[in-house]
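# Structural overview
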Amino acid sequence: MRAQDRGPSAGSGALLSREEARALADRVLKLSTADETRVNITSEWSGNTRFADSSITTSGGVTNVSVRVTAVVGRRRASATTNVLDDQSLKRTVDLAVSLARLSPEDPELMPELGPQTYPSVRAFVERTADLDPEVRNAAVKRAVDAATAAGKPAGAVFTAGFLEANATVVAVATSKGLFAYHQSTDAAFSMTSRTPDGTGSGWSSGGARDWSRIDPASIGRIAAQKAVASRNPQAIPPGLYTAVLEPQAVNDLVPLLSNALNARTADEGRSPFSKSGGGNRIGEKVADERVTLYSDPADPLLLGRPFDLDGLPIGRTVWIEKGVLRNLAYSRFWAQKQGVRPTPLSGGLSLTGGTRTTEEIIAGCERGILVTHFWYIRSLDPRTVLQTGLTRDGVFLIEKGKVTRGVKNFRWNESPLLMLNRLEDIGRSELTQAGQIMPSLRIRDFNFTSLSDAV
Amino acid sequence: MFPTRRDFLKVTAATAAALASPQLRVDAGGQLSAPSADPFVLELANEALTAARGAGASYADARVGRYRRQDITTRERQVQGVNDSESYGIGVRTLINGCWGFAATSQMTKDGVRRAALEAAFMSRAAQAVQRRRVELAPVTPVTGTWITPVRRDPLDVPLEEKVALLLATNEAALKAKGVRFVNSSLQQLREIKTLVTSEGTNVTQTFIRVGPSFSATAVGDDDFQSYEEELAPRGMGWEYVESLAMPVNAERWASIAVEKLKAKSVEAGQWDLILEPTNLWLTIHESIGHPTELDRVLGEEANYAGTTFAAPPEKMLGQFKYGPAFMNVQADRTQEGSLSRVAWDDEGVSADQWLIVDKGVLKDYQTTRDLAGRIQKFTGVTRSHGCSFADSWRSVQFQRMPNISLLPGEQDIGITEIVAATERGILIRNRGSWSIDHQRYNFQFSGQAFYEVRNGKIAGMLRDVAYQANTPAFWNSMDMIGGRSSYWLGGTFTDGKGEPSQSSSVSHGCVPARFRNVTILNTRRTA
């Protein structure tokens, strides 16, 4: 089959260019009769391959362009979105946004649309990720399955299931006051589960990056199968408080949950762990171990986040927690104006600064503890402490005298990513855990494992 | 390479004509009539099928979806957002040499849909390099028809002012409760027009109308805050359902529960008898019966994400596994009135079905689709698919999703009052709180919104910081009382996630109140 007959197999040619996005935004802005108008454009390509039991189950490819129009009339505002881009449909969508705005009550928190801004340059688009067509994806799947099959041999014929996805995305913002922002990015993710034929062992591994070449499918397949083999016939050990070594992917599941709490308004309103007793918030107070530094920075070469939010507001580097002290909270433009501070968007990737040791060295320093591969089904229990519940999954092991000695049964746990960062024993080297996120391994004292799970 | 990006910007005028939402007509009974398939949509769908067959597909389907959503969110005395969105496109699925392929595009032109069909076929062929098992489809009788969710008034046709007024009146009433500082209410509305055309001759157009209101209030005390969320079930119903909830009338009472929670006694952890109202139990059914009996999980297809299930393998579980007591009957149903998963035909054109998952306490069947049903046919004797195929958008591939799964009422027509009266020491839980369950659906932990201590057959005061934790088979086998027909209530969720990339489906669960013996209760308060 010739390439041009394949349809949208790859994303590098499927996205709106800067000029096309600007032309589309201008068409919409010209149609608007509102006092102020904002246009948010998303142009996307996505290709994925899903497999189970060495067969492709579902896979797919999508192209789409959508336009969201936000109209402001006086102090009233509403939005309408469409993905049909002919003149008639765009006009209908603009008119709908304007008429919904006219019907809405006045918004006392309305902020004026922004004029032209300057943004840091972030090169987050990698062509080889956008060109990940079905043949390349399936070849990668085959490498991973072959590696898992070989590594799983001690347990027999291991079962494998996994998912490979590549996305290429353009986000553009334009306002009737002359703002125009354009950003293109890619991301890829590959994850795989391996299960032993006796049903007693399960392992998982994953990788994610803007650049597909940073992901090694064979290594992911091998690690998933090795964990499955090593976790067979898990021992039930009583639930309780244990030292836990969390691999970077497990930390990736927990620490970003702090984002919801990093909101100045809910803190100032008295409904957050960062609320100050008697009013205000806890900026400037120690909230975590002094080795903890958590920041967002779209220009960081490993994070490569979008350098603006949906209002078109530039996003720079923000240190949320510095050496254990709460330095910043996210301020919407309204709340920032009310409090007399600079607005601070909550995006731009997330990085928990790591130390120098490898996960193996973090394990070696543990007398007795539990090694966790990743977590599952995490839900909030108490917003006052960011307390969560969830389960371990696909590889949980006992550590004795600095060595991984055997698989143990999965646990349910009730723990807070915030309180946990006050019980830090050690912090490992940071690594890219997914596109736009960098996390280290952590050793936590008294992690609260509350009950056993029979799940494998 | 995809050479036609500029085509996004110059779609034909015919597309625009097709998109303008059809006027829904009212029939003689005062209900909206089902619109028939749009000729332009049929032309594109057939173009896609022709291209798919030309590329070698032994089977293909083309699904065109038009989705219109509107969300209104409010807090206290203001509207936080009014968002209206429409999404329109086609998804084409192909089967070549037993391998699936799927591609979707919003480019609704003959050229655009043809490219999507060829892309799907390319994927089918590429899959052969890895494929070990050929897909075999269960038989289906081709069908032509139209259907619409029975409603008198589509919420999207209700003037915005009327909807905003209802929500703000609700908030105003809630703020009358002394101690309440924050109130949120919202309204989600969806109208979905879906046309499915298959290479086997099926041609159906369905219009789904769904609505989901919400309400929560937060009371702030001394260095403390507590919230209460009312369980306003989303439904496949019209505006008349929203009106029936009388939100402005009830809001002050709901909000006052958040204030009461500030003063409630922290629960004593340990073993308690548990009385679950239907507003809590529906979600426990969803997580511990709905998900474990999905056939794709049973066969390992969700192993890398949502997980597998304890209810496997089929040959050892069907007709043998004792899920609960003999009075426990659980029904799967895609025909149930007012439910979110109600259809006339699923996304493979299979007629809506009703069947038992648990029969007199024993696991009887699973949830099936055309490509999976044959793999358990020798254990169930059922050759057809039960019609559980669903895709959440034109851009998503259809796969096995949950039908409405409900706990049927007991023979004796008793309710919560009789169950409380028969309980010596227990905890009664209302509405859903936090929920979490492991990837094989054994260990779960659920909370609620309001908790009451039951002593000697009476409510003895309010509790807080309560969660119940159990193992699914032990939990259902500890059930010793259930309510009867008049205590049945239909809960549900707009957003149930599954699949990679994750898709969201809407599903309802009906149930009656029930009592469970000696369940582990946790105190969820922690400070360090």
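The written sequence of each chain sets the order in which its residues are numbered from 1. Numbering of ligands from 1 and lettering of chains from A proceed in the order in which they are written. Restriction of local features to residues with pLDDT of at least 70 applies here, the model being predicted, together with a cutoff of 80 or more for giving and counting side-chain atom pairs; totals for whole chains, interfaces and linings are based on all residues.

## With respect to the overall build of chain A
A count of helical and extended segments in chain A gives 10 helices and 17 strands. Against the globule reference of 23 Å for 456 residues, chain A gives a C-alpha radius of gyration of 24 Å, in line with a compact fold. Projected onto its principal axes, the C-alpha coordinates of chain A cover approximately 70 × 70 × 35 Å. Note on burial: count the other C-beta atoms lying within 10 Å of the residue's C-beta; 20 or more is buried, 12 or fewer is exposed, in between is partly exposed, and C-beta positions come from the backbone. Out of the 456 residues belonging to chain A, those deemed buried represent 62%. Residues are defined as contacting one another if the C-beta atoms placed from their backbone atoms lie within 7 Å. Within chain A, counting contacts between residues at least 6 apart in sequence, those at least 24 apart form 74% of the total. Secondary structure elements follow DSSP: runs of H or I no shorter than four residues count as helices, runs of E no shorter than two count as strands, and numbering proceeds from the N terminus. The globule rule used here is 2.2 Å times the number of residues to the 0.38 power, and the radius of gyration it is set against is calculated over C-alpha atoms.

## Considering the interface of chain A and chain B
Tallying the contact residues gives 92 residues for chain A and 79 residues for chain B. Looking at which element gives the most residues to the side of chain A that touches chain B, the answer is strand β2 (residues 55-73) of chain A, with 11 residues. Counted by class, the side of chain A that touches chain B contains 36 nonpolar, 37 polar and 19 charged residues. Should DSSP find at least two bridges between two strands, the strands are regarded as paired. One ladder, built from three bridges, connects β2 of chain A with strand β3 (residues 99-105) of chain B; its direction is parallel. In the strand pairing of β3 of chain B, G61 of chain A is matched with A103 of chain B. Under the convention adopted here, Pro, Cys and the residues Ala, Val, Leu, Ile, Met, Phe, Trp and Tyr are nonpolar, Asp, Glu, Lys and Arg are charged, and Gly plus all remaining residues are polar.

## Concerning helix α5 (residues 217-230) of chain A
Residue and element names in this part refer to chain A. One fewer than the residue count of a helix, multiplied by 1.5 Å, yields its expected span. With 14 residues, α5 ought to run about 20 Å at 1.5 Å a step, and its terminal C-alpha atoms sit 20 Å apart, in line with that. Across the 14 residues of α5, 10 count as buried, placing the element largely inside the fold. For α5, the full list of buried residues reads P217, I220, G221, R222, I223, A224, A225, K227, A228 and V229.

## Remarks on the packing of helix α1 (residues 18-31) of chain A against helix α2 (residues 87-103) of chain A
Residues and elements named next belong to chain A. The axes used here are C-alpha line fits, helices contributing only the stretch in contact, and every angle between their N-to-C directions lies in the interval 0 to 180 degrees. At a minimum axis distance of 9 Å, the contact between α1 and α2 shows a crossing angle of 55°. What the angle tells us is that α1 and α2 run oblique. For the crossing formed where α1 meets α2, the hand is right-handed. Between α1 and α2, the residues in contact are R27, V28 and L31 and L90, K91 and V94, respectively. Looking at the contact of α1 with α2 residue by residue, the class counts come to four nonpolar, no polar and two charged. An angle below 35 degrees is read as roughly parallel, one above 145 as roughly antiparallel, one from 65 to 115 as roughly perpendicular, and any other as oblique. In a left-handed crossing the near helix is turned counterclockwise from the far helix by less than a right angle, and in a right-handed crossing that turn is clockwise.

## A look at the domain arrangement of chain B
All names here are of chain B. Annotation of chain B at the domain level lists domain 1 (5-263) and domain 2 (265-523). Listed as interface residues are 40 residues of domain 1 and, on the opposing side, 38 residues of domain 2. When residues of the side of domain 1 that touches domain 2 are traced back to their parent elements, those giving at least two are β1 (59-75), β2 (78-96), β3, β4 (144-148), β5 (180-198), β6 (203-221), β7 (224-230) and α6 (247-263). It is β2 that provides the largest number of residues to the side of domain 1 that touches domain 2, a total of five residues. Of the residues contributing to the side of domain 1 that touches domain 2, the split by class is 19 nonpolar, 11 polar and 10 charged. For the domains described, the bounds stem from an automatic or database domain assignment.

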